[in-house]
Amino acid sequence: MNNSTILSPSKANSLFWLGRYTERVYLELHLLRLCFDKMIDGDPDDYGRYLSAIGGVSMYPDQASIINGLVHDVSNPASVISSVERCNDNAVLLRDEIKSPTLGYIQMPLELLRQNAKNGIEPNVDELQTLTDWMLAFWGSIEERVYDDRVRTLLKIGKLIEHIDMNVRFGYKFYRIEEAFSSLLACRTSEPRAFNAAAMDELAEMLSEEKYTSGDSEYKNRLLYLLGNAVVL
Amino acid sequence: MQTLIESRDSVNRWLERYGVRFGVYKNGVFNEQFFPFDSIPRVIPKKDWDVLEKGLIQRVKALNAFLWDIYHEKSIIKDGIVPEEFVYSSKGYMPECEGIDPIGKVYSHISGIDLVEGKDGNWFILEDNLRIPSGASYPMIAREITRKVSPTTFIDNSIADNRDYPEILKDMMDTMNAGRGINVILTPGRYNSAFFEHSYLAEKTGAVLAFPGDMTVEDDIVWYTGLYKEKVRVGAIYRRVSDEYLDPLAFEASSLLGVPNLFQAYKKGNVAVINCFGNGVADDKGIYYFVPKMVKYYLGEEPILHNAPTYLPYYKEDYDYILANIGKLVIKDVSEAGGYGVVFGRDLTPEKLEELKSLIVEQPRRWIAQEVIDFKDLEIIDGEEKVWRKADLRAFVVSGGSGANGGVRVWKSGLTRFSRNPASFVVNSSQGGGFKDTWIMNE
């Protein structure tokens with residue numbers, strides 16, 4: 001009896017979102033470190049810019065509560081803990097696909113964040129770096145333990161969509177987006193039915209360095225909209 | 001062993017890492033908790049285990065024979081061994097199962113038999129769980145972790161390896177499988193209290209973890225639907241959903257947890273449902289009283305394992321005894337489970353005792369009474385000190401496999417649950433209990 005290749009629509013959906021949220025956590029940690037570094041010099045606008053890019057709203061009165069809130073505030077959907085909770089929501093449904101040791105790399109950050117939030121521990125660079133290490137270990141564990149091509153591809157599709165989305169939101173250089181989109185096109189070759197062909201074609205059309213560099217907010221919003229609709233799971 | 005005991009925190013960290021949790025609903029709110037692990041194991045010497053093993057196989061064979069009989073010839077009723085009202089008034093009896101021949105004539109593929117050890121070393125059966133007994137995954141994963149954390153403990157002690165449970169389970173599912181379909185474990189979903197177990201057993205047995213909506217029935221065949229509507233036949237379903245919710249077209253119409261028309265496919269023998277529909281009639285607390293009689297009736301053998309001394313108010317002699325001695329007995333509501341509906345007479349005020357007596361007089365079939373067994377306490381670590389607490393053992397018996405004894409095997413392990421409350425006999429995890437590893441010694 002061969003159980004290896006059948007994958008339900010709900011599991012496919014969870015794999016995609018697990019890929020997205022793990023990448024979001026990784027990038028949030030990276031961006032937060034940059035943002036915190038800038039705030040050392042006391043530019044209050046950096047926090048606002050971060051929140052605006054990630055789609056959040058200002059809800060903290062001072063710098064200390066900003067830092068704590070962006071990491072430990074579970075009521076803030078733009079916080080790291082919220083993103084890890086969402087990783088967990090998807091990962092626990094996939095234990096049989098991704099295996100318990102891999103799931104551990106979601107459980108450990110979740111427990112650390114929950115405990116630190118509960119005990120009122122201020123976020124610090126060690127905590128953030130440990131979380132980053134676990135996110136990287138998660139992907140290493142997928143590489144090491146998951147052999148089903150479809151499982152790996154769906155995770156990767158989620159990761160790449162999130163990667164492009166965050167890079168567009170934060171105005172990163174075009175080459176980063178181009179690289180990720182090229183990988184996404186490779187995923188489309190192996191899993192064509194997971195994609196919305198029209199959205200992908202329009203994205204391909206829009207993603208040139210010239211258009212990206214000169215694009216206004218309407219252009220950016222269209223890109224984000226298409227990214228949100230590029231996958232049909 | 002000392003290194004293992006000192007490693008308790010480390011073991012608990014590993015359990016946390018693997019997400020070993022169980023869910024509890026309190027005041028309508030779902031919370032996930034860790035199942036507290038105590039690193040001092042329950043140790044069962046080989047000579048004791050040999051007796052337990054034989055007794056458990058005997059008991060489960062008798063229970064499976066009873067289930068077949070009840071849904072077919074009903075000889076045990078006709079011969080006056082079990083009164084028919086105990087069968088037909090049982091909530092677990094399903095008239096829809098009459099005449100159905102489950103694959104291999106096996107009804108209870110996975111039986112969780114709860115035992116306690118008396119202070120005199122005798123074991124007593126407290127309860128048979130033949131519907132969806134849970135808990136095997138906890139000692140399984142605990143052993144995996146304790147072997148990592150304290151390898152010398154396992155070098156120095158000859159302990160039966162319990163990591164073969166997934167193989168035993170898979171062998172049974174493969175043997176029962178109809179039409180060479182896939183094996184699935186059907187979970188009600190993430191918010192079920194035992195979801196960790198469902199997902200872990202799927203991982204370890206290689207079965208597909210299926211959620212409500214993943215399967216359909218066409219022409220009495222069960223199919224698992226893939227991402228692009230491709231279909232794969234399902235041969236065995238280890239379901240973790242109760243009978244009444246398993247098929248909305250046959251039973252509870254409002255259920256969103258089941259598979260429409262599954263019962264029809266099962267009836268036709270096109271899929272193995274593990275455990276079968278209708279098993280609740282045999283693990284009813286009222287029927288429990290009759291299990292030793294079943295052993296004699298079906299197997300022609302003396303029961304190796306004994307029930308706790310039990311009284312049924314249905315019988316006049318027992319009725320009189322219960323009313324006269326209610327203050328020293330434990331009274332159980334046969335319709336409850338999970339440690340609920342269990343009342344110790346000694347804990348009640350005179351007024352409450354009178355109320356309970358009235359309830360027994362009104363509905364004698366609803367209650368059983370048992371002597372309070374002075375069962376052996378086990379040592380646990382509480383903070384920095386060792387204390388003694390009440391504990392039971394759930395043994396897992398798997399029927400329908402390919403091996404000896406008619407394919408019936410007792411897993412050389414079990415779930416030892418203990419009460420963390422010094423005054424309590426209730427060990428259920430849902431009521432705050434913890435668990436230990438259970439060592440079956442090889443020598």
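One can find the structure itself at the top, above this paragraph.
A short tour of the structure in this document, coming up. Note that the structure is predicted; figures quoted are calculated from it, not measured.

**A word on the overall build of chain B**
Move 1: Helix and strand counts for chain B stand at 15 helices and 21 strands.
Move 2: Relative to the globule expectation of 22 Å for 443 residues, the C-alpha radius of gyration of chain B, 22 Å, shows essentially globular dimensions.
Move 3: Expressed as a percentage of its 443 residues, the buried residues of chain B come to 57%.
Move 4: Considering only contacts in chain B between residues 6 or more positions apart, those separated by 24 or more positions represent 70%.
Move 5: Within the structure as shown, chain B displays about 17700 Å² of accessible surface, and the carbon and sulfur contribution to it stands at 50%.

**Considerations on the interface of chain B and chain A**
Often, the extent of an interface is quoted as the loss of accessible area upon association of its parts.
Move 1: Contacts between the two partners involve 32 residues from chain B, matched on the other side by 31 residues from chain A.
Move 2: In this assembly, chain B packs against chain A so that about 2800 Å² is buried in total across both faces, 54% of it on carbon and sulfur atoms.
Move 3: Among the residues of chain B in contact with chain A, B:Arg17, B:Leu227 and B:Tyr228 are the three that bury the most area, contributing 27% of the side total.
Move 4: Summed over the shared surface of chain B and chain A, the result is 3 salt bridges.
Move 5: Between B:Arg21 and A:Glu111 there is a salt bridge, with the nearest N and O atoms lying 2.6 Å from each other.
Move 6: Connecting chain B to chain A are 13 residue pairs in polar contact (both at pLDDT 80 or more).
Move 7: When residues of the side of chain B that touches chain A are assigned to their parent elements, the largest contribution, 6 residues, is made by helix α9 (residues 195-205) of chain B.

**A look at the pattern of salt bridges**
Move 1: Counted by the stated rule, this structure contains 49 salt bridges over all chains.
Move 2: A:Asp89 is paired through a salt bridge with A:Arg86; the nearest N and O atoms lie 2.9 Å apart. Of this pair, A:Asp89 and A:Arg86 both sit in helix α4 (residues 80-91), 3 residues apart, which is roughly one turn of the helix.
Move 3: We note a salt bridge from A:Asp89 to B:Arg190, for which the minimum N-O separation is 2.6 Å. Taken together, the residues span two chains, with A:Asp89 in helix α4 and B:Arg190 in the loop between β6 (182-186) and α9.

**Comments concerning the nonpolar core**
Move 1: Ranked by size, the top nonpolar core spans 120 residues in total, and within it A:Leu18, A:Ile98, A:Ile157, A:Leu184 and B:Tyr165 carry the most contacts.
Move 2: Ranked by residues supplied to this core, first place goes to helix α1 (residues 9-40) of chain A with 13 residues.
Move 3: Here A:Ile157 is in contact with A:Phe16, A:Leu184, A:Cys187, A:Glu191, A:Ala194, A:Phe195 and A:Val231, once residues within four sequence places are set aside.
Move 4: With 52 residues, the next largest nonpolar core counts B:Leu63, B:Leu246, B:Val273 and B:Val334 among its residues.

**Structural notes on the sheet that holds strand β14 (residues 329-333) of chain B**
Residues and elements named next belong to chain B.
Move 1: Overall, antiparallel pairing links the 4 strands, which are arranged β13-β16-β14-β15 in an open sheet. Each having just a single partner strand, β13 (310-311) and β15 (342-344) make up the two edges of the open sheet.
Move 2: Note: β14 against strand β16 (residues 367-371), 5 bridges, orientation antiparallel. Within the sheet, the bridge partner assigned to Ile-331 lies in β16 and is Ala-369.
Move 3: Sitting on the sheet, helix α14 (residues 350-362) is in contact with β14, β15 and β16, with an inclination near 125° to β16.

**Here's the deal with helix α12 (residues 217-228) of chain A**
Because an α-helix completes one turn every 3.6 residues, residues spaced three or four positions apart along the sequence face the same direction.
Residue and element names in this part refer to chain A.
Move 1: In this model, α12 (12 residues) spans 16 Å end to end at C-alpha, consistent with the 16 Å of a helix rising 1.5 Å per residue.
Move 2: All buried positions along α12 are accounted for by Tyr-219, Leu-223, Leu-224, Leu-226 and Leu-227. The buried side chains of α12 occupy one side of the element, clustering within an arc of 165° when seen end-on. Turned more than 90 degrees from where α12 packs its buried face, Ser-217, Glu-218 and Gly-228 sit exposed.
Move 3: Check the buried side of α12 and you find it contacts α8 (149-169), α10 (197-206) and α11 (209-214).
Move 4: Of the residues flanking the start of α12, the one acting as N-cap is Asp-216, its side-chain oxygen 3.3 Å from the backbone nitrogen of Glu-218.

**Details of the packing of aromatic side chains**
Each aromatic ring pair is summarised here by two numbers: the centre-to-centre distance and the angle between the ring planes.
Residue and element names in this part refer to chain B.
Move 1: This model, assessed by the stated rule, comprises 35 aromatic pairs over all chains.
Move 2: Consider the rings of Phe-251 and Phe-277, whose centres lie 5.6 Å apart with planes at 35°: the pair is tilted. With Phe-251 in the loop between β10 (231-239) and α10 (262-267) and Phe-277 in the loop between β11 (272-274) and α11 (285-288), this residue pair connects regions lying 26 residues apart in the sequence.
Move 3: A residue is classified by how much of its surface remains accessible, and Phe-277, at 0% relative accessible area, is buried.
Move 4: Summarising the aromatic geometry, the rings of Tyr-314 and Tyr-315 are spaced 5.0 Å apart at their centres and angled 80° between planes, so their arrangement reads as edge-to-face.
Move 5: The exposure class of Tyr-315 is partly exposed, given its relative accessible area of 28%.
Move 6: Grouping aromatic residues by their ring pairs yields a cluster made of Phe-22, Phe-35, Phe-37, Tyr-138, Phe-196, Tyr-200 and Phe-435.
Move 7: Its guanidinium or amino end placed over the ring of Phe-154, Arg-147 lies 5.8 Å from that ring's centre, counting from NZ or CZ.

**Here we look at the side chain of B:Asp333**
Move 1: Tracing the backbone shows B:Asp333 in strand β14.
Move 2: Side-chain polar atoms of B:Asp333 contact the side chain of B:Arg366, separated by 2.8 Å.

**So, the environment of B:Glu6**
Residues and elements named next belong to chain B.
Move 1: Position of Glu-6 among the secondary structure elements: in helix α1 (residues 2-6).
Move 2: For Glu-6, a relative accessible area of 57% gives the class exposed.
Move 3: The spacing of Glu-6 and Phe-251 is 245 residues in sequence and 51 Å in space, taken between C-alpha atoms.

**A short note on the pairing of strand β4 (residues 110-117) of chain B**
Residues and elements named next belong to chain B.
Move 1: For β4, the buried fraction is high: 8 of the 8 residues fall into the buried class.
Move 2: Going residue by residue along β4, you find Ile-110, Gly-112, Asp-114 and Val-116 tucked away on one face and Ser-111, Ile-113, Leu-115 and Glu-117 tucked away on the opposite face as well.
Move 3: In this structure, β4 lies alongside strand β18 (residues 385-398), joined through 6 bridges in antiparallel fashion. Residue pairing for β18: Leu-115 is matched across the bridge by Leu-393.
Move 4: Two elements, β4 and strand β5 (residues 123-129), share 6 bridges in a ladder whose sense is antiparallel. Note on β5: the bridge partner recorded for Val-116 is Phe-124.
Move 5: Here β4 folds back onto β5 in antiparallel fashion, the turn holding 5 residues, of which Gly-121 has a positive phi close to 90°.

Parameters at a glance
- Residues numbered from 1 in each chain as written.
- Chains lettered and ligands numbered in written order.
- Predicted model: local features only at pLDDT ≥ 70, side-chain atom pairs only at ≥ 80, totals over all residues.
- Heavy atoms only, no water.
- Helix = DSSP H or I, 4+ residues; strand = E, 2+ residues; numbered from the N terminus.
- Rg over C-alpha atoms; globule rule 2.2 N^0.38 Å.
- Buried < 20%, exposed > 50% of the residue type's maximum accessible area, 1.4 Å probe, protein only.
- Contact = heavy atoms within 4.5 Å.
- Areas by Shrake-Rupley, 256 points an atom, 1.4 Å probe, with all protein chains shown as cover.
- Buried area = accessible area lost by both parts, 1.4 Å probe.
- Salt bridge = Lys/Arg side-chain N within 4 Å of Asp/Glu carboxyl O.
- Polar contact = N/O pair within 3.5 Å; in protein donor to acceptor, adjacent residues only side chain to side chain.
- Core = buried A, V, L, I, M, F, W, Y, C linked by side-chain atoms within 4.5 Å.
- Pairing = 2+ DSSP bridges.
- Axes fitted to C-alpha atoms, helices over the stretch in contact; angles between N-to-C directions.
- Expected span 1.5 Å × (residues − 1).
- Arc of directions from axis to C-beta.
- Phe/Tyr/Trp six-rings, centres within 6.5 Å; stacked < 30°, edge-to-face > 60°.
- Lys NZ or Arg CZ within 6 Å of the ring centre and 35° of its normal.

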